[in-house]
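Topology and contacts: notes
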Amino acid sequence: MRRNIEEKFAAWKSKKRRKPLVVYGARQIGKTYSIREFGKKHYAKTVYINFETSPRIARDFEEDISPAFLIPRLEIFLNQKIHPEDTLIFFDEIQVCERALTSLKYFCEEAPQYHVIAAGSLLGVAVNRERYSFPVGKVEPLYMYPMQFDEFLSALSQDMLAEEIRNCFLEKRKLSPLLHQQALQLYREYLVIGGMPEAVSIYAGERSLFDAIQSQSAILDTYVADMAKYAQPGDTAKIMACFDSIPAQLAKDNRKFQYKVVAKGGKASLFGASIDWLMASGIITRCERAEHGIHPLEIHRDLSSFKLYLCDPGLLTAKAGIVPHEIIGGYDHIFIGALTENFVANTLEKNGYRLYYWTSGGTAEVDFLIEKQFGEMSRGK
C-alpha cells in the first residue's frame, strides 16, 4: 500500500547533514511495512534488526554502543556486509533496547555516513524511559499516523479519484455530481474502516467488513493491554476510564471534554495525568479552545477547555459500537457529526496543524481554528 510518508523518507535520505531517523507513533499504523518498502525502493539492501524477535542482539549494545564496535558484529551476526552508501540499517522495535536508542547519538556524531532508521511504539520510545535518556538533538524524529483518506483511496485502487479531489481543492472547483457521489460513498466507508493498515488491507483485498472490524477490535485490545503494560498500576484504571469515555464525550452536543463523564465527581486533578498519558501514546488528539482568534493562537489558549478525538475514525466507529451499514448506507446516524469532526481533526493533524476551536459565551462555535503560515487564520465548521 502506498504511504505518503515515503516522500519524507526520501527527503531525509537526500540530506547532506543527515541524522538517524526515529519514526514513532501509535501501534499498528504501518511503521515497519513502510520503512521496509522504502528500503526496497531506495537502497541496494536493508539490514533489518528487530529487538523484540532477536533479543540476543541487545546484549552487544549493553557492552558497547559505538558504531565502530557495532557494525562489524552486526555484519557477522546477519552474515552480510553493511556499506554506508547503499545499505539501510533499520532498527525495529527499538523501545525494547534502550541502549540501541542511545547508540543513535554516536551514529550521528561518529558515523554519519550510515543511513539509520529506527522505529518503535511511541510509548516505549518516548514515554517508558527507565535508565537512559532520549538522544535529543542527535536524531531526526518523524511522527507517523494512520492512513489518510487519499491513502485509503489508493489502497482501493482509486488513485485517479484521489488526484481529481486534490486538483479540485487546489483549483478551488467542485467535483462533478457523479464523482462527488462516488467520493462520498468511499468517505463513508473510510469512516467505518479507518486508516489502520491491517483493516484497510483486509477490506481492500476481501471487501469483508466483518474481518476488518475484527482487526479493529484486536487493535483496541492491544491499546488497552499497553495501558496495563506501560502505565503505573495505580494509573491504569484511570487511563482506561478516560479512553472508554471518548465516544460518550463526542456524542454530546457540546463536545468539550468533561471529567464528570469519565466518573462521578471526576476532575482534572484526578484524570489530567491519564489524558496526558493517552496523548503521549498517540491514541488521542487534543483540540484546545482559543479565547481569541488572534495570532499567535498559542498565547490565547484556554487550558481548562479542550476536546479529545481518537487517532482514527474507524477505531472510533468500532469503539462506539456502531453498526457499520448505518454509516455506509448513508443513513442520518446520530453519531455522524462526531465521526465527521473526528475525521477533520485527524486530517488537520496529519497535515501538520495544531488544533484549536473557538466559542463565544456558549452562543456560537467554530469547530476548528488553525493557523497557517505567517499568522494567517483559517476557520472551519
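Below you will find a few notes about this structure. If you're wondering where the values come from, they're calculated on a predicted model, not measured in any experiment.

Cut-offs applied
Residues numbered from 1 in each chain as written. Predicted model: local features only at pLDDT ≥ 70, side-chain atom pairs only at ≥ 80, totals over all residues. Heavy atoms only, no water. Helix = DSSP H or I, 4+ residues; strand = E, 2+ residues; numbered from the N terminus. Expected span 1.5 Å × (residues − 1). Buried < 20%, exposed > 50% of the residue type's maximum accessible area, 1.4 Å probe, protein only. Salt bridge = Lys/Arg side-chain N within 4 Å of Asp/Glu carboxyl O. Pairing = 2+ DSSP bridges. Axes fitted to C-alpha atoms, helices over the stretch in contact; angles between N-to-C directions.

Focus: helix α9 (residues 177-193)
- In this model, α9 (17 residues) spans 24 Å end to end at C-alpha, consistent with the 24 Å of a helix rising 1.5 Å per residue.
- Of all the positions in α9, only A183, L186, Y187, E189, Y190, L191, V192 and I193 are classed as buried.
- Directly after α9, the chain includes G194, whose backbone phi takes a positive value near 75°.

What about unusual backbone geometry?
- Across the junction of H295 and P296, the peptide omega takes the value -5°, indicating a cis bond.
- Its place among the elements puts P296 in the loop between β6 (284-290) and β7 (301-310).
- You will see that K172, though not glycine, has its phi angle at about 55°, which is positive.
- One can find K172 in the loop between α8 (159-171) and α9.

Section: the pattern of salt bridges
- If you walk through the whole model with that rule in mind, you get 22 salt bridges.
- In this structure, E341 engages R255 in a salt bridge whose closest nitrogen and oxygen atoms are separated by 2.6 Å. With E341 in helix α17 (residues 336-350) and R255 in the loop between α12 (233-251) and α13 (259-262), this pair connects stretches of sequence that are 86 residues apart.
- Residue class for E341 comes out buried when judged on its relative accessible area of 6%.
- Note that R354 is salt-bridged to E298, the shortest N-O span being 2.9 Å. Residue R354 is found in the loop between α17 and β8 (356-360), and its partner E298 is found in the loop between β6 and β7; the two are separated by 56 residues along the sequence.
- A relative accessible area of 43% places R354 in the partly exposed class.

Points about the sheet that holds strand β5 (residues 140-143)
- In spatial order, the strands read β2-β3-β4-β1-β5; together these 5 strands make up an open sheet with parallel pairing. At either end of the open sheet lies a strand with only one pairing partner, and these are β2 (45-50) and β5. Across the sheet, the mean angle separating the axes of adjacent strands is 20° when strand polarity is ignored.
- Taken together, the 5 bridges between strand β1 (residues 21-25) and strand β4 (residues 115-121) define a ladder with parallel strand orientation. Across the sheet, the residue bridging to V23 is A119, located in β4.

Section: the environment of G137
- Its location among the elements puts G137 in the loop between α6 (122-127) and β5.
- Judged by its relative accessible area of 45%, G137 falls in the partly exposed class.
- Placed 32 residues apart in sequence, G137 and K105 show a C-alpha to C-alpha distance of 8.4 Å.

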